[in-house]
Amino acid sequence: MRLRHRLSAGMCFALQLVALPAFAQEKTTPDDAERPLAVEETAAEKKQVQQDEMNLKSPSNHSWFDDVEGHIVVEAGVNGNPWTKTGRNWAQSYVDRANTATLNQITGTLSHPVTELGDGYGLGFVFEVLYGSDARFNPTIGMGDGNLTGMYQWTPTQAHIDAHLPWLTKGGIDLQIGQQYGIQGFEGTDALERPFYSYNYSSDFIVPFETVGVLATWHMTDHMALVMGVNAGNSTTFGHAKNNTRPKGYFGLQFTELAGGKLDVAAIGYFGPQQSIYAIGREANHDMEYIGDLLASYKINDKTTVTLNATYFHDDYLRDDVYGVTAYFAHDFSDELTFNARGEIFRDNNGGVVGNNTSPMSYVNELRGQNYPYDYAPGTTYGELTVGVTYRPGFLKLPKGSFSIRPELRLDKSLNGTKPFNRVSPTDDPNVNYANNGMNNMFWFSCDAIWAF
């Protein structure tokens with residue numbers, strides 16, 4: 001999520017992206033509470049997930065440590081945009097480099113599911129590290145940021161203890177303590193947590209990526225849970241790595257297995273000041289930011305799922321309102337082939353949020369409250385349509401894990417007459433470019449491959 005600052009020449013900095021995030025930002029594992037809403041797209045994807053599921057109930061002759069597991073996910077991709085004059089895809093972070101093959105991520109995870117300790121109490125953990133080009137936009141300040149400064153960096157992405165407390169209701173309370181992915185939105189940072197290689201605007205520019213704090217999910221009934229959390233802020237920690245001295249947090253509700261088990265709904269808000277005191281001083285402690293996110297997923301049948309994600313953002317300091325609606329459609333043609341479609345309308349009122357960071361350290365320095373190079377555009381209403389497939393070739397006999405390929409075609413378009421795509425112009429600031437003399441659309445194509453084991 002971009003945290004840009006106002007410029008005297010009328011140029012606005014923007015809020016940086018946030019997870020992933022299938023969906024929201026948090027990885028889903030059986031029976032855990034790592035995200036308020038866990039959505040399995042289709043029957044074929046569900047089958048793939050089940051291949052890697054962990055046994056939550058250990059045999060009596062096993063110790064707690066016998067259930068520790070390690071997993072690795074490798075993602076690499078390429079995209080083509082022959083019309084760009086900048087070498088970049090406008091308004092993209094993770095897939096910003098046009099006409100380039102990229103090693104996006106090698107993610108290593110060491111985890112233990114929440115396993116019962118006795119009397120209804122449970123304990124588990126997740127530790128995860130990411131290396132690749134995606135690490136440029138998924139740091140947590142104060143946790144290894146800046147150790148590598150090139151195109152390929154590394155970052156810790158998860159380090160949390162998970163606990164189940166049999167309190168208040170039959171479902172009890174699930175706690176997550178430590179560093180964790182954000183829980184809003186539909187598209188996560190992890191390659192397996194989203195249906196496409198590229199991201200929608202809301203996931204790239206509104207919802208938080210990483211937080212450090214406490215998240216609690218109280219299962220009030222079999223179908224309703226209350227979600228609350230307190231953290232240090234988007235992609236920041238504590239001490240000198242914090243962005244300001246005020247707490248931030250989540251509050252919302254999730255509803256699962258409604259309408260005969262076909263409908264899941266989550267309404268999550270995120271509130272608190274997000275600007276950096278190192279950039280704007282004490283004003284950062286008082287200028288609030290508000291993010292509201294509504295996610296609903298409906299299973300038409302065992303092969304077809306539709307999902308709607310609506311997101312709203314307001315920042316007092318930026319004086320900007322940003323909002324978008326994204327619809328998803330997924331259909332299994334077979335166990336090996338899933339068709340995905342995504343349509344989005346996204347409005348950035350004054351141009352203070354959508355843009356491009358133009359150096360590998362831009363986002364890290366932005367979070368630190370330091371100067372950083374970037375491109376920005378005027379207020380624009382963006383439209384986006386993406387279609388693609390996920391192909392899981394059955395003829396491949398891998399020694400371990402699963403392999404999938406995701407080609408996609410995407411069209412981005414300005415719906416209000418601006419021309420931010422494929423060209424930028426210099427300004428009086430050598431670190432800043434202005435995008436409004438290019439094209440009113442951007443047609444591009446991408447493909448990534450994922451090996452998970």
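This structure is a prediction, so every number in the text was calculated from the model and none was measured.

(A) Examining the overall build of the protein more closely. Secondary structure summary: the protein contains five helices and 20 strands in total. Relative to its full complement of 453 residues, the protein shows a buried share of 55%. With an accessible surface of roughly 17500 Å², the protein has 60% of that area assigned to carbon and sulfur atoms.

(B) Spotlight on the nonpolar core. Counting 31 residues, the largest nonpolar core has Trp90, Tyr201, Ile206, Phe313, Phe346, Val354 and Tyr382 as the members making the most contacts within it. Of all the secondary structure elements, the ones that give two or more residues to this core are helix 2 (201-205), strand 9 (263-273) and strand 20 (441-452). The dominant element in this core, judged by the number of residues it contributes, is strand 9, at three residues. What Phe346 contacts, discounting residues up to four positions off in sequence, is Tyr201, Ser202, Ile206, Val322, Tyr323, Gly324, Val354, Thr380, Thr381 and Tyr382. Phe137, Ile141, Phe209 and Ala241 belong to the second largest nonpolar core, which has ten residues in total.

(C) Geometry of the sheet that holds strand 15 (residues 374-376). What the four strands build is an open sheet, ordered 14-15-19-18; its pairing is mixed. Only two strands of the sheet have a single partner each, and these edge strands are strand 14 (355-357) and strand 18 (425-426). The pairing of strand 14 with strand 15 spans three bridges and is classified as antiparallel. Bridge pairing in strand 15 links Gly355 to Tyr376.

(D) Representation of the pattern of salt bridges. For the coordinates displayed, the defined rule picks out eleven salt bridges. Overlapping salt bridges bring together Glu75, Arg194, Arg406 and Asp448 as one network.

(E) Expanded view of unusual backbone geometry. One non-glycine residue with positive phi stands out, namely Ala91, at about 65°. Within the secondary structure, Ala91 is located in the loop between strand 1 (69-80) and strand 2 (100-118). Since its relative accessible area comes to 0%, Ala91 is described here as buried. Look at Asn422: it is not a glycine, yet its phi comes out positive at around 75°. If you trace the backbone, Asn422 turns up in the loop between strand 17 (402-414) and strand 18. The exposure class of Asn422 is buried, given its relative accessible area of 4%.

(F) A look at the packing of aromatic side chains. In total, this model carries 20 aromatic pairs according to the counting rule given. Where Tyr376 meets Tyr434, the ring centres are 5.0 Å apart and the plane angle is 50°; that geometry is what we call tilted. Of this pair, Tyr376 sits in strand 15 while Tyr434 sits in strand 19 (residues 432-434), and the two are 58 residues apart along the sequence. Taking relative accessible area as the criterion, Tyr376 reaches 8% and is therefore assigned buried. Judged by its relative accessible area of 27%, Tyr434 is partly exposed. One aromatic cluster is present, built from ring pairs that chain together Tyr94, Phe137, Tyr199, Phe209 and Tyr363.

(G) Broad picture of the pairing of strand 11 (residues 304-315). Where strand 10 (residues 288-299) meets strand 11, eleven bridges bridge the pair, whose relative direction is antiparallel. Bridge pairing in strand 11 places Leu295 opposite Asn309. Between the end of strand 10 and the start of strand 11, which pair antiparallel, lie four residues. As defined by bridge partners, strand 11 adjoins strand 12 (residues 320-332) across twelve bridges and the pair is classed as antiparallel. The residue of strand 12 that forms the bridge with Thr307 is Tyr328.

(H) Highlighting a nonpolar patch on the surface. Side chains of Phe65, Val68, Leu110, Leu117, Tyr121, Leu123, Phe127, Ile161, Trp167, Leu168, Ile177 and Val214 sit close together on the surface and give an oily, nonpolar patch of about 1100 Å² of accessible area. Listing elements by their share of the nonpolar patch, those giving two or more residues are strand 2 and strand 3 (121-132). At three residues, strand 3 tops the list of elements feeding residues into the nonpolar patch. Relative to the elements of secondary structure, Leu117 occurs in strand 2.

(I) Molecular detail of the confidence of the model for the protein. Of the residues in the protein, 87% reach a pLDDT of 70 or more, and the chain-wide mean stands at 88. This model gives residues 5-41 a pLDDT under 50, and the stretch forms 203 contacts once residues within four places in sequence are excluded. Residue range residues 49-58 is modelled with pLDDT below 50. Its contacts to residues more than four positions away, or to other chains, number 14 contacts.

About the thresholds
Residues numbered from 1 in each chain as written. Predicted model: local features only at pLDDT ≥ 70, side-chain atom pairs only at ≥ 80, totals over all residues. Heavy atoms only, no water. Helix = DSSP H or I, 4+ residues; strand = E, 2+ residues; numbered from the N terminus. Buried < 20%, exposed > 50% of the residue type's maximum accessible area, 1.4 Å probe, protein only. Areas by Shrake-Rupley, 256 points an atom, 1.4 Å probe, with all protein chains shown as cover. Core = buried A, V, L, I, M, F, W, Y, C linked by side-chain atoms within 4.5 Å. Contact = heavy atoms within 4.5 Å. Pairing = 2+ DSSP bridges. Salt bridge = Lys/Arg side-chain N within 4 Å of Asp/Glu carboxyl O. Phe/Tyr/Trp six-rings, centres within 6.5 Å; stacked < 30°, edge-to-face > 60°. Patch = residues over 30% accessible without salt bridge, like charges linked within 9 Å, V, L, I, M, F, W, Y side chains within 5 Å. pLDDT = per-residue confidence, 0-100.

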